[in-house]
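# An overview of the molecular structure
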Amino acid sequence: MEKVVLAYSGGLDTSIIIPWIKENYELEVIAVCVDVGQDDDLSKIEEKAKLSGASKAYVIDVKNEFVEKFAFRGLKALAVYEEKYLLGTAYARPLIARELVKVAQKEGAKYICHGCTGKGNDQVRFETGIAALDPSIKIIAPWREWDIVSREQAIDYANERNIPLTVTKEKIYSRDHNLWHISHEGGHIEYLENEHQADELYLMTKTLEKASDTPEYVEIEFVEGYPKKVNGESLNGEKLLTLLNKMGGKHAIGVTDIVENRVVGMKSRGIYETPGGTILMEALKELESICLDAKSLAYKKHMSISYAEILYQGLWFSPLKEAMDCFIDKLHQNCSGVIKLKLYKGNVLPATRSAKQCLYMDEISTFGESELYNHADADGFIKLFSLSSKIINMSKKG
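Since the structure is predicted, the reported quantities are computational estimates derived from the model, not experimental observations.

### Digging into the sheet that holds strand β5 (residues 138-140)
Read from one edge of the open sheet, five strands run β3-β2-β1-β4-β5, paired in parallel fashion. Of all strands in the sheet, those with a lone pairing partner are β3 (56-61) and β5, marking the two edges. The sheet shows a mean angle of 25 degrees between the axes of neighbouring strands, direction not considered.

What follows is the structure, given as structure tokens:
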């Protein structure tokens, strides 16, 4: 019997996919759960997959790699999609795709199956990643094949086969959780006239009303654009982000309500919680402001928009993304320093900034006397700088 590797989470979609494959295909199902910090109890995931009909199940821990090689790579780019979304799901999908391909090659499987809907971005991200890594692998996407057309029907399908679920028709949110963020879609969120129900939704972050009334300061040390220490303590990526998630969550930091443009052409509303990622983004922005010259900083901001777009579209393994990474690494050779931030009621405010190669110099920027700058020098500069404006005005009169 030929084999199929299933991207398995144990949630609604993947729970019903195993029996569906066995009912509709002559394939041996191998479930693969890639742990990127989804905060689920994965100790029983293998047993659950086998009880649902899988012949074998893998649980692969890549949490630290996910943070250091994927999320922090996007952090260095300051990648934000459509000015709001910090790309948590888009970081995880290429890593999961890579692990699925590894297992498929190891097991000799010709197929990879995923539980992404035909309306979402993740089908594009998974399949584009798989194609880049092993184009010989064929895809099975049940949501594009079966007769189930809604999550309510999916719940009915599971109940008919006695598949245990945590989701209900009353709380039918679609969530994606990893160490960088958690996303919420579906349910009452789908209707724009509804304010999102914070008390019902938030899992990482407190509401503003319940946030701490006491401000908290945090120091983050970067080395060439990568965060390495928090409050003087060296931490790996997983521990560093976990700590900042707790700090940010305590102060209601990093919640976004966005109507975004999906890859497939439609608009979608999502609520994202990214507490630690938001803190790191704000800290790196402050570091860049004192380490990068004006033109480099302006070009980096322009590139950040494009970088976020290609990651959102699932093009992690593309030549363009690799080339952008090289540019950013070169630019960040001088971005090492310590940023102190104040966290309070959803706000991340700069307190102090320092860097090994800081371009801000007191002796030049001061309003007082400076040996390096003569106020009179500005006279000639302004005459030349304003020359084109004068010529334009003169041409109108002529």
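### Quick word on the packing of helix α3 (residues 63-76) against helix α9 (residues 275-291)
Interaxial distance between α3 and α9 falls to 10 Å at its minimum, and their mutual angle equals 45 degrees. In this view, α3 runs oblique relative to α9, as classed from their interaxial angle. Where α3 crosses over α9, the two elements pack in a sense that is right-handed. Counting all contacts with α3, which are made through Phe 72, Leu 75 and Lys 76, the residues of α9 involved are Leu 280, Met 281, Leu 284 and Glu 288.

### Brief notes about helix α6 (residues 151-160)
Looking only at α6, the buried set comprises Ala 154, Ile 155, Tyr 157 and Ala 158. Within α6, the buried residues cover an arc of 160 degrees as seen down the axis, which keeps them to one side. Buried residues along α6 sit in contact with α1 (12-24). In the stretch just after α6, Asn 162 is the one whose phi turns positive, near 60 degrees.

### Digging into the packing of aromatic side chains
Each aromatic ring pair is specified by the distance between its two centres and by the angle formed by the two planes. In this structure the tally under the stated criterion is 11 aromatic pairs. Each ring, one from Trp 20 and one from Trp 146, has its centre 5.5 Å from the other, and the planes form 90 degrees; the classification is edge-to-face. Of the two residues, Trp 20 sits in helix α1 while Trp 146 sits in the loop between β5 and α6, which places them 126 residues apart along the sequence. Classification of Trp 20 as buried rests on a relative accessible area of 7%. Judged by its relative accessible area of 8%, Trp 146 is buried. One aromatic cluster in this structure is built from Trp 20, Tyr 25, Trp 143 and Trp 146. Positioned over the ring face of Trp 316 is Lys 321, at 3.6 Å from the centre of the ring. Here the basic side chain of Lys 340 rests over the ring of Tyr 217, its NZ or CZ set 5.1 Å away from the ring centre.

### Considering empty space enclosed by the protein
Applying the stated rule across the entire model yields one cavity of 30 Å³ or more. The wall of the largest cavity is formed by Ala 90, Arg 93, Pro 94, Arg 125, Leu 311, Gly 314 and Trp 316. Ranked by residue count, the leading element in the lining of the largest cavity is helix α4 (residues 88-107), at three residues. The residue inventory of the lining of the largest cavity, partitioned by class, reads four nonpolar, one polar and two charged.

### Observations concerning the sheet that holds strand β12 (residues 267-273)
One open sheet accounts for four strands, arranged β6-β7-β12-β11; its pairing is antiparallel. The sheet is open, and its two edges are formed by β6 (174-177) and β11 (255-261), each paired on a single side. For this sheet, the mean angle separating the axes of adjacent strands, direction not counted, is 25 degrees.

### What about the layout of surface pockets?
Roughly 670 Å³ of internal volume is contained in the second largest pocket. Lining the second largest pocket are 28 residues, with Leu 78, Val 80, Glu 83, Glu 282 and Lys 285 sitting closest to its centre. For the lining of the second largest pocket, the elements supplying multiple residues, two or more each, are β11, α9 and α10 (294-312). Looking at the lining of the second largest pocket element by element, the count peaks at six residues for α10. Class assignment of the residues belonging to the lining of the second largest pocket gives a composition of 13 nonpolar, six polar and nine charged.

### Looking at the environment of Thr 205
Among the secondary structure elements, Thr 205 is positioned in the loop between α7 (198-201) and β8 (216-223). Here Thr 205 falls in the buried class, since its relative accessible area comes to 6%. It is 54 Å that separates the C-alpha atoms of Thr 205 and Lys 383, two residues lying 178 residues apart in sequence. Those residues in contact with Thr 205, other than ones at most four positions away along the chain, are Gly 248, Gly 249, Ala 252, Ile 253, Val 255, Glu 273 and Pro 275.

### As for the pairing of strand β1 (residues 2-7)
Of the strand pairs in this sheet, β1 and strand β2 (residues 27-35) are connected by six bridges, and their pairing is parallel. In the strand pairing of β2, Leu 6 is matched with Ala 31. The β-α-β motif built from β1, the intervening α1 and the parallel element β2 has right-handed crossover chirality. Of the pairings in the sheet, the one linking β1 to strand β4 (residues 111-113) comprises three bridges and is parallel in character. Paired with Val 5 across the two strands is Ile 112, which belongs to β4.

### Focus: the pairing of β12
The buried fraction of β12 is high, at six of seven residues. By the bridge criterion, seven bridges tie β11 to β12 in an arrangement that is antiparallel. Bridge pairing in β12 links Ile 258 to Gly 270. Once β11 ends, the chain turns through five residues before running back antiparallel as β12, passing Gly 265 with a positive phi of about 110 degrees.

### Things to note about the state of the cysteines
Applying the stated criterion to the full structure yields zero disulfides. Here Cys 335 stays free of any disulfide, with the sulfur of Cys 291 as its closest cysteine sulfur at 4.6 Å. Cys 358 takes part in no disulfide bond, and the closest cysteine sulfur, belonging to Cys 291, lies 6.3 Å away.

Parameters and conventions
- Residues numbered from 1 in each chain as written.
- Predicted model: local features only at pLDDT ≥ 70, side-chain atom pairs only at ≥ 80, totals over all residues.
- Heavy atoms only, no water.
- Pairing = 2+ DSSP bridges.
- Helix = DSSP H or I, 4+ residues; strand = E, 2+ residues; numbered from the N terminus.
- Axes fitted to C-alpha atoms, helices over the stretch in contact; angles between N-to-C directions.
- Parallel < 35°, antiparallel > 145°, perpendicular 65-115°, else oblique.
- Left-handed = near helix turned anticlockwise from the far one by under 90°.
- Contact = heavy atoms within 4.5 Å.
- Buried < 20%, exposed > 50% of the residue type's maximum accessible area, 1.4 Å probe, protein only.
- Arc of directions from axis to C-beta.
- Phe/Tyr/Trp six-rings, centres within 6.5 Å; stacked < 30°, edge-to-face > 60°.
- Lys NZ or Arg CZ within 6 Å of the ring centre and 35° of its normal.
- 1 Å grid on protein atoms, 1.4 Å probe; cavity = no way out; pocket = protein on both sides within 12 Å on 5 of 7 lines; lining within 4 Å.
- Points joined across faces, edges and corners; volume = space filled by probe spheres on them.
- Nonpolar A, V, L, I, M, F, W, Y, C, P; charged D, E, K, R; others polar.
- Right-handed = clockwise from strand over helix to strand, strands pointing away.
- Disulfide = S-S within 2.5 Å.

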